[in-house]
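Summary of structural features
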Amino acid sequence: PVWGQLPHVYDRVDSFTDVICPMYPSIDEIIEWAYITAPKLNEQRPFIMCEYAHAMGNSSGSLSDYWDVIKKAHGLQGGFIWDWIDQGILMKDENGREWHAYGG
């Protein structure tokens, strides 16, 4: 589990949304979805990750690994990134030089 979440369960008989929208699935999970689970369930809804990366500062690594799979697999349509912009606060020191303080 990532970020304290339970494992994703995709083989449900109910479908209350227009998309499959997991939060922080691993690359292995999206591969399994695209090539095993979705075909087995005859699932036609698009797979759009409601969040799949947290990008504060320089923390958004391995996006290309996700996109290598997304570009190849039918039904995978990408996802949303949390905190795309750094939340630093522009400050000036006593000499007028700008620096970024932690903004939470």
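Quick summary incoming for the structure in this document. Computed from a predicted model, the values in this text were never measured in an experiment.

So, on to the pattern of salt bridges. Scanning all chains against the criterion turns up two salt bridges. Of the charged contacts, one joins E43 and R45 as a salt bridge, the two residues approaching to 2.8 Å between their closest N and O atoms. In this pair, the class of E43 matches that of R45, namely buried. The salt bridge involving D93 is made with R97; its shortest N-O contact spans 3.0 Å. Given a relative accessible area of 52%, R97 falls into the exposed group.

Moving on, we get to the nonpolar core. Grouped together as the largest cluster of nonpolar side chains are 15 residues, with contacts concentrated most on I30, F47, M49 and L76. Of all elements in the fold, only α1 (27-41), β1 (47-54) and α2 (63-72) reach the threshold of two or more residues within this core. Those residues in contact with M49 that sit more than four places away from it in its chain are P22, P25, I30, Y66, I70, G78, G79 and F80.

Okay, the packing of aromatic side chains next. Scanning the entire structure with this criterion turns up two aromatic pairs. With centroids separated by 5.1 Å and ring planes inclined at 70 degrees, the aromatic side chains of Y52 and Y66 adopt a geometry described as edge-to-face. Of this pair, Y52 sits in strand β1 while Y66 is found in helix α2, placing the two residues 14 residues apart along the sequence. As far as burial versus exposure is concerned, Y52 and Y66 are alike and both buried.

This next bit is on unusual backbone geometry. Of note, the phi angle at Y24 is positive, near 55 degrees, even though the residue is not glycine. Locating Y24 in the fold gives a position in the segment before α1. Even without being glycine, N42 reaches a positive phi, approximately 55 degrees. Its place among the elements puts N42 in the loop between α1 and β1. On the basis of relative accessibility, which here comes to 57%, the residue N42 falls in the exposed class.

About the criteria used
- Residues numbered from 1 in each chain as written.
- Predicted model: local features only at pLDDT ≥ 70, side-chain atom pairs only at ≥ 80, totals over all residues.
- Heavy atoms only, no water.
- Salt bridge = Lys/Arg side-chain N within 4 Å of Asp/Glu carboxyl O.
- Buried < 20%, exposed > 50% of the residue type's maximum accessible area, 1.4 Å probe, protein only.
- Core = buried A, V, L, I, M, F, W, Y, C linked by side-chain atoms within 4.5 Å.
- Helix = DSSP H or I, 4+ residues; strand = E, 2+ residues; numbered from the N terminus.
- Contact = heavy atoms within 4.5 Å.
- Phe/Tyr/Trp six-rings, centres within 6.5 Å; stacked < 30°, edge-to-face > 60°.

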